[in-house]
Each structure stands twice: as C-alpha cells, then as structure tokens.
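Notes for the structure review
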Amino acid sequence: MTTTAWIHGALALATSTLLSTAQANNLLSNGSFEATLGPANGGGPGYLSFNAPSQSIPAWLLTSGSIEVFTDFLGSGTQLIDMTGVHSAAGGAGPGSLQQSFATTVGATYNVSFMMGGGNAPVIKTMEVAVSGPVSTAYSQIFSLDSSQLPTPGTLTQQQFSFIANDATSTLRFTSLVNDSWDGPLLDAVVVSAAAVPEPANWALLLAGLGVLSWLRRRNQAPSS
Ligand SMILES: [Ca+2]
C-alpha cells in the first residue's frame with residue numbers, strides 16, 4: 001500500500017467516524033407515533049380521538065385539549081397526529097398539547113426535526129413548539145404553515161430547529177393554536193438528537209491526513225530540476 005493510499009484510507013475512516021457521530025439516535029420514544037392505537041383500532045384508514053389528560057399515545061403525555069391519531073395522511077410510516085382533534089365549536093376539547101420529556105446535558109446543543117402539515121379550512125395551521133425544563137425555557141417558537149401551498153393535500157413538510165439545554169431534563173411540547181380546524185396542524189416524525197461533537201482524535205487524524213495529502217500534492221507538482 002502506498003503512502004497516499006494509506007492516507008486516503010485513514011481519511012475515509014476518520015470521515016466515516018465523524019459522519020456516524022452525526023447520525024445521532026433519537027432521544028424520543030415513539031417519535032413517529034407508530035406505536036399508538038390508531039389504525040388497528042379503526043380497522044383501517046381513519047382516526048381515533050383522545051382527550052386530555054391522556055397517556056394513550058405511548059411515551060407522550062396529552063396535557064390539554066384533544067388530538068387524533070390519523071392514518072390517511074402522507075406522513076412518515078402509517079400514523080401521525082392531528083394536533084387539533086375535535087375543536088371547541090364541534091363540542092370537543094379543542095386544540096391539543098402533546099409533550100415528552102428526555103434527559104439532556106446542560107449546555108449541550110440538540111437538534112429537533114419534525115414534520116408538519118394540514119388540510120381543509122382554515123388553510124393556515126399554527127403550532128407552538130417549546131422546550132422547557134424545571135429551571136427555564138430553552139426554546140419557544142410558533143410554526144405556521146399555509147396548507148394550501150402544499151403540493152398535495154395531506155403532505156407534510158420538514159421543520160427543524162436547535163436548542164441549548166438549560167436543564168438535566170427537557171420537555172418538548174407541541175401545542176396547536178388552531179381551534180376551528182379539522183385537519184391540522186398535523187405532526188409526525190419527531191426526532192431529537194444531540195448535536196454531533198466530533199472526537200478530538202478524529203479531527204486530529206482528519207487534519208493530519210489532509211495536511212500530508214496537501215504536502216504530497218505540492219511535492220508532486222514541484223518542477224523537477
Ligand atoms: Ca408516523
């Protein structure tokens with residue numbers, strides 16, 4: 001094996017190690033709502049409603065309002081959540097608030113991604129997304145979606161943000177802000193992962209390899225005397 005081949009091999013190893021570090025695990029359980037009671041109970045495409053307080057959605061806590069497990073929208077897997085289950089005007093408990101807590105390291109950065117969608121009037125679906133712990137709120141933002149702009153009714157779009165944890169336990173909470181909506185805001189594929197912090201040894205190997213490659217290239221390009 002030549003020196004250059006060896007360096008290329010080492011670079012590939014360091015790069016793949018860095019990439020695998022980035023492919024972090026989901027800190028949430030049942031983030032895609034596939035472990036719920038939805039379709040089986042409904043006997044096929046359809047929905048199932050839950051009112052707060054409820055722990056019927058495994059790993060999640062419904063703290064207020066109502067939600068529905070849907071099976072006939074284009075999310076991830078076969079099930080997702082309609083965050084406004086049965087709205088108040090229809091005699092329901094209104095927009096839902098769904099949360100899950102997980103362990104975090106104070107000062108560490110976390111990436112959150114989720115899918116959001118909607119259908120039927122009103123076309124604008126809004127949802128507050130917050131991360132809080134016993135000490136303070138690390139993140140709070142209102143996500144708004146014009147569901148008439150979706151390529152296909154029922155399509156969901158990817159959303160993401162990052163937060164720095166203030167507490168050893170953080171609670172991610174989704175709260176629908178739409179009280180006269182049948183379909184949406186829809187929620188699916190919620191993933192929380194620790195931001196990749198590459199091992200110093202991997203970075204050192206990567207930088208050293210790049211340095212040697214650069215030196216080899218310069219040496220090869222040097223005019224022969
Ligand atoms: Ca799903």
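Residues numbered from 1 in each chain as written. Predicted model: local features only at pLDDT ≥ 70, side-chain atom pairs only at ≥ 80, totals over all residues.

**Thoughts on the environment of Val135**
Our working rule: In this description a helix means any DSSP run of H or I spanning at least four residues, a strand means any run of E spanning at least two, and both kinds are numbered starting from the N terminus. Here, residues touch in the contact sense if the C-beta positions derived from the backbone fall within 7 Å of one another.
Position of Val135 relative to the elements: it lies in the loop between strand S7 (124-132) and strand S8 (137-146). Sequence separation between Val135 and Asp167 is 32 residues; the distance between their C-alpha atoms is 6.4 Å. Not counting residues within four places of it along the chain, the set of residues in contact with Val135 comprises Asn166 and Asp167.

**Details of unusual backbone geometry**
Each neighbour pair has its own omega, and for Ala52 with Pro53 the value is -10°, a cis peptide bond. With respect to the helices, strands and loops of the structure, Pro53 is situated in the loop between strand S1 (47-51) and strand S2 (61-64). The phi angle at Asn30 is positive, at roughly 55°, despite the residue not being glycine.

**Describing the sheet that holds S7**
In plain terms, the rule: Here a strand pair is declared whenever DSSP counts at least two bridges between the two strands. Between N-to-C directions, angles cover 0 to 180 degrees, with each direction set by a line fitted to C-alpha atoms, over the stretch in contact for helices.
Overall, antiparallel pairing links the five strands, which are arranged S2-S5-S10-S7-S8 in an open sheet. Strands at the two margins of the open sheet, each flanked by one partner only, are S2 and S8. Between one strand axis and the next, the sheet turns by 20° as a mean value, whatever way the strands run.

**What to know about the nonpolar core**
Stated formally: Only buried residues count toward a nonpolar core: Ala, Val, Leu, Ile, Met, Phe, Trp, Tyr and Cys, linked into one set through C-beta atoms within 7 Å. Three classes are used. A residue is buried when 20 or more other C-beta atoms lie within 10 Å of its own, exposed when 12 or fewer do, and partly exposed in between, with C-beta atoms placed from the backbone.
Counting residues in hydrophobic clusters, the biggest one holds 26 residues, and the most contacted among them are Leu80, Ile81, Met83, Leu98, Met116, Leu186 and Leu187. Of all the elements in the fold, those that place two or more residues in this core are S1, strand S3 (66-70), strand S4 (80-82), strand S6 (109-119), S7 and strand S11 (183-194). By residue number, the principal contributor to this core is S11, which donates four residues. Residue contacts for Leu187: discarding those within four places in its chain leaves Leu80, Ile81, Met83, Phe114, Met116 and Phe174. Within the second largest apolar cluster, seven residues are counted, among which are Val131, Ala138, Phe163 and Leu172.

**Let's talk about the environment of Leu80**
Locating Leu80 in the fold gives a position in strand S4. Classification of Leu80 by C-beta neighbours within 10 Å gives buried; the count is 29. The spacing of Leu80 and Glu68 is 12 residues in sequence and 8.4 Å in space, taken between C-alpha atoms. Look past the residues within four positions of Leu80 in its chain and what remains in contact with it is Phe33, Phe70, Phe73, Gly75, Leu186, Leu187 and Asp188.

**A closer look at the sheet that holds S11**
One open sheet holds the six strands; their spatial order is S1-S3-S4-S11-S6-S9, and the pairing between them is antiparallel. Every interior strand has two partners, whereas the edge strands, S1 and strand S9 (156-164), have only one. Each strand of the sheet is rotated relative to its neighbour by a mean of 30°, with strand direction disregarded. Bridging between S3 and S4 involves three bridges; their strand directions are antiparallel. Residue pairing for S4: Glu68 is matched across the bridge by Asp82.

**Notes on the pairing of strand S5 (residues 97-103)**
Both S2 and S5 contribute to a ladder of three bridges, which runs antiparallel. Bridge pairing in S5 places Leu62 opposite Leu98.

Remember that the coordinates give geometry; whether it matters functionally is a separate question.
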